[in-house]
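So the chains spell out like this:
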Amino acid sequence: MKTRSWKKRLFAGSIFLLGLYVLWFGSILLRQRARREMPAEKRPSTHEIQGVYHIHTTFSDGWKPLEKVAAAASRQHLDFIILTDHGNPNRASLASQGWKGDLLVLAGSELSVSRGHLVALDFRPPDGTFAQNAEEAVREVAAEGGFTVIAHPFSKTRWSWGEVAGYAGIEIADSDSMIKRNFLRAIPYLPALLLSPRIFLLKTLKRPSQSLRKWDEMGAKQAVYGYFSADAHLAYDTLFSCFRLHVFLGEPLAGEFEQARAQVFNSLRRGAFYCAVDSARPAGGFTFWAESRGSRFPMGSAVPLASSPRVQLRAEAAFPFAVQTRLLRDGEVVLRSEGPAISFPSEGPGAYRIEIYLLGRSPLARDFPWIISNPIYIREDGP
Ligand SMILES: [Zn+2]
Ligand SMILES: [Zn+2]
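Caption draft 1: The overall build of the chain, seen in detail. Of the regular secondary structure elements, the chain holds ten helices and 21 strands. Taken over the C-alpha trace, the chain has a radius of gyration of 22 Å; the compact-globule value for 383 residues is 21 Å, and the two agree within 12%. The C-alpha extent of the chain, read off along each of the three principal axes, is 85 × 50 × 40 Å. Among the 383 residues that make up the chain, the fraction classed as buried is 56%. Across the chain, every contact between residues at least 6 apart in sequence was considered, and the portion connecting residues at least 24 apart equals 70%.

Put into structure tokens, the structure is as follows:
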């Protein structure tokens, strides 16, 4: 008799706990659904478009052919995608660039070089291959009109740091290292893999402190731009909803392919873009700029302090929900503000950038910036 009542109690307790778990989990899913319906307002003047960078297809080790990958991108309402199939260079992937309906398909190549993986973008395909030595590869890609981004510097192959060799960018967060490193913290959300995989992915996100620190350190010496990297090999829909680049074109995206391609790559070269976790909340409509002597310097640009010691840093956005905005100078927070708008007189030279955090209930970890802007570099002697 006694054992039976003990078992009964255990059973009832388990059902109760399971019920609580289902309620808790259901509320997360429902909140997320409501959130996704919220529209993002964009500023017409910036001609902002959004896309995803660092994607593998069956041209290398991705699981899906370009047609399926492009279909996933269109379902996620992306304006562009940037393929980065492995190869030196990956000529098939490069040859596949063009419009796929309303989607602009661009491609670079992920090179395996002496220091790790290096993404080469916007280059003329060389007659042979690029050098295996990292510094030489950077120079050779530049000689072919291209630029380079250090891929996943602290995971997989890891980057071995040497001289600063003219890299135009660095990946500050990538899905692959987030999932591998932070899988344990996402275990309570495992059922979400079936019901809402984007929530599971969001739960694997933890502040990428190491790469942010490295980025700030590099930025003190040269302009180097930060990229959210999907590093997508599979689960394209989920990854495309999460790690996005929001690019400012300054004018409407051209219909002619070569022109449109140049527009996107030129904006990336100038750092005229910000990174956002769009699956936590839609992130369009943010701007960050500096004002000096009546001139406006957009995100990514360098402001020469010599011409005017008074530089005002400003950010704006029309988000219909609560956020906290932080302004950082060389990686140190110099201003915290509730809401998306700031206006701040610069405190001398430095790399100034913005991080925006979601307030209130959010599936995104508190320490993970929902938006990371590219810096504005205020330099003593100009660019
Ligand atoms: Zn790689
Ligand atoms: Zn890759």
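What follows picks up the thread again.
Caption draft 2: Representation of the coordination of the zinc ion (ligand 2) in the model. Protein coordination of the zinc ion (ligand 2) is provided by H54 (NE2), H56 (NE2), E110 (OE) and D231 (OD), with donor distances spanning 2.0 to 2.7 Å. In primary-sequence terms, the residues that donate to the zinc ion (ligand 2) follow H-x1-H-x53-E-x120-D. A separation of 3.5 Å is found between the zinc ion (ligand 2) and the zinc ion (ligand 1), which are bridged by E110. Pair noted here: H56 is in the loop between β1 (48–55) and α2 (66–75) and D231 is in the loop between β9 (225–229) and α9 (236–242), with a separation of 175 residues, a long-range link. Neither H56 nor D231 differs from the other in exposure class; each is buried.

Caption draft 3: Seen up close, the pairing of strand β18 (residues 342–345). By the alternation rule, side chains of β18 split into I342 and F344, which are all buried, and S343 and P345, of which none is buried. Alignment of strand β15 (residues 312–316) against β18, held across four bridges, turns out to be antiparallel. When the sheet's bridge partners are listed, L313 is paired in β18 with F344.

Caption draft 4: Focus on the coordination of the zinc ion (ligand 1). The zinc ion (ligand 1) binds to the protein through E110 (OE), H117 (ND1) and H152 (NE2), with metal-donor distances spanning 2.0 to 2.2 Å. Sequence spacing of the donors to the zinc ion (ligand 1): E-x6-H-x34-H.

Caption draft 5: Quick look at helix α5 (residues 175–182). Within α5, the full set of buried residues consists of S175, D176, S177, M178 and N182. On the buried face of α5, the contacting elements are β8 (169–174), β9, α9 and β10 (243–248).

Caption draft 6: Spatial organisation of the nonpolar core. Judged by nonpolar contacts, the single largest core of 109 residues is most densely connected at V277, F286 and W370. Core analysis: the next-biggest nonpolar cluster, separate from the first, contains seven residues, I28, A186, Y189 and I199 among them.

Caption draft 7: Local environment of the packing of aromatic side chains. Enumeration according to the criterion identifies 15 aromatic pairs in this entry. Centroid distance F147 to F265: 6.2 Å. Interplanar angle 75°. Geometry classified as edge-to-face. Of this pair, F147 sits in strand β7 (residues 147–150) while F265 is found in helix α10 (residues 257–270), placing the two residues 118 residues apart along the sequence. Here the two residues F147 and F265 agree in accessibility, since each one is buried. Here the guanidinium or amino end of R281 rests over the ring plane of F321, the centre of that ring lying 4.4 Å away. In this structure, R326 packs its charged tip against the face of Y357, placed 3.9 Å from the ring centre.

Caption draft 8: Inspection of the sheet that holds β8 at higher detail. In space, the five strands of this open sheet follow the order β5-β6-β7-β8-β9, with mixed pairing throughout. Of all the strands in the sheet, just β5 (109–113) and β9 have a single pairing partner and so form its edges. Across the sheet, the axes of successive neighbouring strands diverge by a mean angle of 35°, strand direction being ignored. As paired strands, β8 and β9 are joined by five bridges and run parallel to one another. What sits directly across from D174, in β9, is S229. α10 contacts β6 (116–121), β7 and β9 of the sheet and is inclined by roughly 120° relative to β9.

Reading guide: rules and limits
- Residues numbered from 1 in each chain as written.
- Chains lettered and ligands numbered in written order.
- Predicted model: local features only at pLDDT ≥ 70, side-chain atom pairs only at ≥ 80, totals over all residues.
- Heavy atoms only, no water.
- Helix = DSSP H or I, 4+ residues; strand = E, 2+ residues; numbered from the N terminus.
- Rg over C-alpha atoms; globule rule 2.2 N^0.38 Å.
- Buried < 20%, exposed > 50% of the residue type's maximum accessible area, 1.4 Å probe, protein only.
- Contact = heavy atoms within 4.5 Å.
- Donors = N, O, S within 2.8 Å, 3.2 Å for Na, K, Ca; no water.
- Pairing = 2+ DSSP bridges.
- Core = buried A, V, L, I, M, F, W, Y, C linked by side-chain atoms within 4.5 Å.
- Phe/Tyr/Trp six-rings, centres within 6.5 Å; stacked < 30°, edge-to-face > 60°.
- Lys NZ or Arg CZ within 6 Å of the ring centre and 35° of its normal.
- Axes fitted to C-alpha atoms, helices over the stretch in contact; angles between N-to-C directions.

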